[in-house]
Amino acid sequence: MANGDLLEDAGLGTADVDGSSWDKVTAANKALMRKDGNKLSAIGFDSKLPEFLPLWAKSNGADLVSADGKSALLDDPKVVEALEFGIGICADQGGFGTVKAFRDSADFFGKGNQFATNVLGAMPMEQWYINILNDVSEQAPMAFDTFKTTAGQPLSFGTGSAWAIPAAGKNPQAACRYLKTITQTDSWLAAAEARASKREEEKKPFTGLFTANQSADDQIKAKYVDASTALESPWKEAVEASYTANDASFSMPAMPADAEFKQAWLDAVNRVLNGDATATDSLAAGQKEAQAALDKAWADLDNTNATRDAG
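Residues numbered from 1 in each chain as written. Predicted model: local features only at pLDDT ≥ 70, side-chain atom pairs only at ≥ 80, totals over all residues. Heavy atoms only, no water.

1. Thoughts on the pattern of salt bridges
Just so we agree on the cut-off: Salt bridge, as used here: a side-chain nitrogen of Lys or Arg that lies within 4 Å of a carboxyl oxygen of Asp or Glu. Exposure categories follow from relative accessible area, calculated using a 1.4 Å probe and restricted to protein chains: below 20% of the type maximum is buried, above 50% is exposed, and the middle band is partly exposed. Secondary structure elements are defined from DSSP: runs of H or I of at least 4 residues count as helices, runs of E of at least 2 residues count as strands, and each element is numbered from the N terminus.
In this structure the tally under the stated criterion is eleven salt bridges. Residue lysine 48 pairs with glutamate 51 through a salt bridge whose shortest N-O separation is 3.9 Å. Judged by relative accessible area, lysine 48 falls into the buried class, the value being 7%. Owing to a relative accessible area of 32%, glutamate 51 belongs among the partly exposed residues under this scheme. As a salt-bridge pair, lysine 204 and aspartate 135 come within 3.4 Å of each other at their nearest N and O atoms. Taken together, the residues span a long stretch of sequence, with lysine 204 in the loop between α8 (185–201) and α9 (214–225) and aspartate 135 in helix α6 (residues 129–136) at a distance of 69 residues. For aspartate 135, a relative accessible area of 34% corresponds to the partly exposed category. One salt-bridge network, in which partners are shared between bridges, spans Asp135, Arg199, Glu202 and Lys204.

2. Points about helix α11 (residues 258–273)
This is how it is decided: Each residue after the first adds 1.5 Å to the expected span of a helix. A contact between two residues is defined here by any heavy atoms of the two lying within 4.5 Å.
For α11, with 16 residues, the first-to-last C-alpha span of 22 Å sits near the 22 Å given by 1.5 Å per residue. Where α11 is concerned, the buried positions are Phe261, Ala264, Trp265, Leu266, Ala268, Val269, Val272 and Leu273. Looking at the buried residues of α11, the elements they touch are α3 (53–59), α4 (77–91), α5 (96–104) and α12 (279–310). Note on α11: the residue one or two positions beyond its end, glycine 275, has a positive phi of about 80 degrees.

3. Some details on the packing of helix α2 (residues 22–32) against α4
Helices that pack against each other are described as a pair by the angle of their axes relative to one another and the distance between those axes. The line we're drawing: Here, axes are lines fitted to C-alpha atoms. For helices the fit covers the stretch in contact, and angles between N-to-C directions go from 0 to 180 degrees. Here the word oblique covers every angle except those under 35 degrees (roughly parallel), over 145 (roughly antiparallel) and from 65 to 115 (roughly perpendicular). Here is the rule for handedness: rotate from the far helix to the near one, and if that takes an anticlockwise turn smaller than a right angle the crossing is left-handed, while a clockwise turn gives right-handed. Residues are grouped as follows: Ala, Val, Leu, Ile, Met, Phe, Trp, Tyr, Cys and Pro are nonpolar; Asp, Glu, Lys and Arg are charged; every other residue, Gly included, is polar.
Here α2 crosses α4 at 15 degrees, and the two axes come no closer than 10 Å. Of the possible angle classes, the one that applies to α2 and α4 is roughly parallel. For the pair α2 and α4, the sense of crossing is right-handed. In this structure, α2 uses Trp22, Val25, Thr26 and Asn29 to contact α4, whose residues at the interface are Glu81, Ala82, Phe85 and Ile89. When grouped by side-chain class, the residues that make up the contact of α2 with α4 number five nonpolar, two polar and one charged.

Here's what the structure looks like:
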């Protein structure tokens, strides 16, 4: 997501900030950022660290964990390289503390958001923010494109919520029926119809749903998104980029130590962001923490399963 006016003023386009070339992103960051004396007045490029490390690592050809969720890969040189790149983007703007303070001062969910007030050049961001921007600052000079790997291919990092049924729940059968019902294609289509109708009443475009139900997503796009007469530039490009990215998304595998693993890599990134360690040393320490958590959690799960099978 980018400010089209700032890009144009700097002689740049979305291809300079879509992640396909880290050299271009670095140069664009310097061209787009603004300072009043020594004080940052506009962020050039926000790499969205620490939370977007998995995206930058994947775009560089690396994962933070093996596909089976059992082996941490935080110390992979390509992960280190991705973190060093993101840190460099912050360093060129005065350091992470400066960037974060300026980022946090924006009216992120309101009319005074960073794009509407011309204080952010570009950043990778989740799809849901398109709706926020369209709601509160429809006339903001937005430009959208799909985030890309260093090989120039579309990429997105898929996250979201999951439902679980506690083993000791009072009525697990009803819970199962509930989960099955709300995730069926017809249920998602009904939800989309309600949302699309509401958006039509407000004379605003419906930008789709991403439900983890591929059939539902395809039908919603065909029936409610593609048919939207209100979908004009730049929001049309936003939706197209979202669906393209969604078709090229990755996610973390299921792990019994998911929370501990995530905390290990977040802590590793934050140590570097705060200037307390180098990327190599911090990710090496994070690797040990993450692997220890995974080993313990998988062993505990195996023991639990063995005990249940024996019973």
